[in-house]
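# Results of the structural survey
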Amino acid sequence: MPEVIFAGPEGRLEGRYQKGKGENPPVALVLHPHPQFGGTMNNRATYELYQMFVRRGFSTMRFNFRGVGRSQGEYDQGQGELADAATALDYMQQINPNAPFSWVAGFSFGSWIAMQLLMRRPEIVGFIAGSTPANLYDFSFLAPCPSSGVVIHGEMDRICAPEETSGMVERTRTQKGRKVEFQVVPGADHFFTNHPEDFITAAETYLDRRLAYETPEGEYHGES
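Parameters and conventions
Residues numbered from 1 in each chain as written. Predicted model: local features only at pLDDT ≥ 70, side-chain atom pairs only at ≥ 80, totals over all residues. Heavy atoms only, no water. Helix = DSSP H or I, 4+ residues; strand = E, 2+ residues; numbered from the N terminus. Rg over C-alpha atoms; globule rule 2.2 N^0.38 Å. Buried < 20%, exposed > 50% of the residue type's maximum accessible area, 1.4 Å probe, protein only. Contact = heavy atoms within 4.5 Å. Areas by Shrake-Rupley, 256 points an atom, 1.4 Å probe, with all protein chains shown as cover. Lys, Arg positive; Asp, Glu negative; His and termini not counted. Charge placed at Lys NZ, Arg CZ, Asp CG, Glu CD. Axes fitted to C-alpha atoms, helices over the stretch in contact; angles between N-to-C directions. Parallel < 35°, antiparallel > 145°, perpendicular 65-115°, else oblique. Left-handed = near helix turned anticlockwise from the far one by under 90°. Nonpolar A, V, L, I, M, F, W, Y, C, P; charged D, E, K, R; others polar. UniProt positions renumbered as here; feature names shortened; annotations may be inferred. Core = buried A, V, L, I, M, F, W, Y, C linked by side-chain atoms within 4.5 Å. Pairing = 2+ DSSP bridges. Salt bridge = Lys/Arg side-chain N within 4 Å of Asp/Glu carboxyl O. Right-handed = clockwise from strand over helix to strand, strands pointing away.

## Concerning the overall build of the chain
- The helix and strand inventory of the chain stands at five helices and eight strands.
- Along the chain, helices and strands appear, N-terminal first, in the series β-β-β-α-β-α-β-α-β-β-α-β-α.
- Scaling as 2.2 N^0.38, a compact globule of 224 residues should have a C-alpha radius of gyration of about 17 Å, and the chain matches this with 16 Å.
- Its C-alpha atoms put the chain at 40 × 40 × 30 Å along the principal axes.
- Counting across all 224 residues of the chain, residues that qualify as buried make up 57%.
- When contacts within the chain are restricted to residue pairs at least 6 apart in sequence, long-range pairs at least 24 apart make up 69% of them.
- When the accessible surface of the chain is totalled, it reaches about 9800 Å², and 47% of it is carbon and sulfur.
- Side chains of the chain carry 20 positive and 27 negative charges; the gap between the two charge centres is 4 Å.

Here's what the structure looks like:
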């Protein structure tokens, strides 16, 4: 799990990177929860999502947003963090220039950043979002959503009720051939404290299904 330091928009950014399997593996970027509420790249869900992609042969990175850990800069209300994520994806593509496609995953605040990133980067063909706080952030920018993905939420989330996020998913229009799914983990809170295995199992099941049936353009032609 090599440590990497790369140049970000406001100074160096600290990350962990694992080269994928094969000559031209796909790329995956994992984004952590809110920097001002204890979110780091070592958050359990962030770490587990990272390992999930590594096990499937992706070149995978998780990193600390500006002002977290050894990453330089200060919290910037999401705008700077989006720039950090775009820079991290640029960095990964520089060292994986022939990657056939990219995925992005994010947890809580990180899922908001991840969805903004995929709107700007057509090479992102899929996303996994955990505990997306649709009551705290505006997701109307997903108009239409260019990538298929899954939003996984805890039934007992007290930060954002699952009904808030499922409503956002239902309102989200997608491009032709794309689909955004919503899944609820029974009994789980915002951080899946007592249900981490259930969260990662839901993510793995979705990812494996997509990888089995996906076209090169990111369209899903499998069973729903």
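After that view of the structure, there is still more to cover.
## Details of the packing of helix α2 (residues 79–95) against helix α3 (residues 109–120)
- For the pair α2 and α3, interaxial distance at closest approach is 9 Å and the crossing angle is 60°. With respect to their mutual orientation, α2 and α3 come out oblique. Like other packed secondary-structure pairs, α2 and α3 cross with a definite hand, here right-handed. Residues Glu 81, Leu 82, Ala 85, Ala 86 and Leu 89 of α2 pack against Phe 109, Ile 113, Gln 116, Leu 117 and Arg 120 of α3.
- Split by residue class, the contact of α2 with α3 holds seven nonpolar, one polar and two charged.

## A few points about the packing of helix α1 (residues 44–55) against helix α5 (residues 196–213)
- Look at α1 against α5: their axes get within 10 Å of each other, and the N-to-C directions meet at 35°. Seen along the crossing, α1 lies across α5 with a hand that is right-handed. On α5, the residues touching Arg 44, Ala 45, Glu 48, Leu 49, Met 52, Phe 53 and Arg 55 of α1 are Pro 196, Glu 197, Phe 199, Ile 200, Ala 203, Glu 204 and Leu 207.
- Within the contact of α1 with α5, the residues separate by chemical class into nine nonpolar, no polar and five charged.

## As for the UniProt feature "domain: Serine aminopeptidase S33" (unreviewed entry) in the chain
- Per the UniProt annotation, the sites labelled "domain: Serine aminopeptidase S33" (unreviewed entry) are residues 47–129.
- With 46% helix and 20% strand, the stretch residues 47–129 has end C-alpha atoms that lie 14 Å from each other.

## Focus: the nonpolar core
- Counting residues in hydrophobic clusters, the biggest one holds 35 residues, and the most contacted among them are Leu 29, Leu 31, Met 61, Phe 63 and Phe 127.
- Taken together, the elements giving at least two residues each to this core come down to β1 (3–8), β2 (11–18), β3 (27–31), β4 (59–63), α2, α3, β6 (124–130) and α4 (162–171).
- Examining the composition of this core, we find that seven residues originate from one element, α3, more than from any other.
- Other than its neighbours up to four places away in sequence, Phe 127 contacts Trp 103, Val 104, Met 115, Leu 118, Cys 145, Ser 147, Ser 148, Gly 149, Val 150, Val 151, Val 180 and Tyr 206.
- Among the nonpolar cores identified, the runner-up in size contains 26 residues, and Val 30, Ala 45, Tyr 50 and Val 54 belong to it.

## Side note on the sheet that holds strand β8 (residues 180–185)
- Pairing within the open sheet is mixed, and its eight strands lie in the order β1-β2-β4-β3-β5-β6-β7-β8. The open sheet has two edge strands with one neighbour each: β1 and β8. The mean angle between the axes of side-by-side strands here comes to 20°, regardless of whether they run parallel or antiparallel.
- In this sheet, β4 lies alongside β3 in parallel orientation, the contact comprising four bridges. Residue pairing across strands places Val 27 opposite Ser 59, the latter belonging to β4.
- Sheet strands in contact with α3 are β3, β5 (102–107), β6 and β7 (148–154), and its direction is about 150° off that of β5.

## A few points about the pattern of salt bridges
- Counted by the stated rule, this structure contains twelve salt bridges.
- In this structure, the salt-bridge partner of Arg 44 is Glu 48, at a minimum N-O distance of 3.9 Å. Of the two residues, Arg 44 and Glu 48 both sit in helix α1, four residues apart, roughly one turn of that helix.
- Several salt bridges converge on common partners, so that one network encompasses Glu 3, Glu 14, Arg 16 and Arg 70.

## Focus: the pairing of β6
- Of all seven residues making up β6, seven are buried, and the element is well covered by its neighbours.
- Looking at chain direction, β5 and β6 are connected through six bridges and run parallel. Opposite Gly 106, over in β6, you have Ala 129 as the bridge partner.
- Following the chain from β5 across α3 to the adjacent parallel β6, one finds a crossover that is right-handed.
- Taken together, the five bridges between β6 and β7 define a ladder with parallel strand orientation. Bridging from a neighbouring strand, Phe 127 pairs with Gly 149 of β7.

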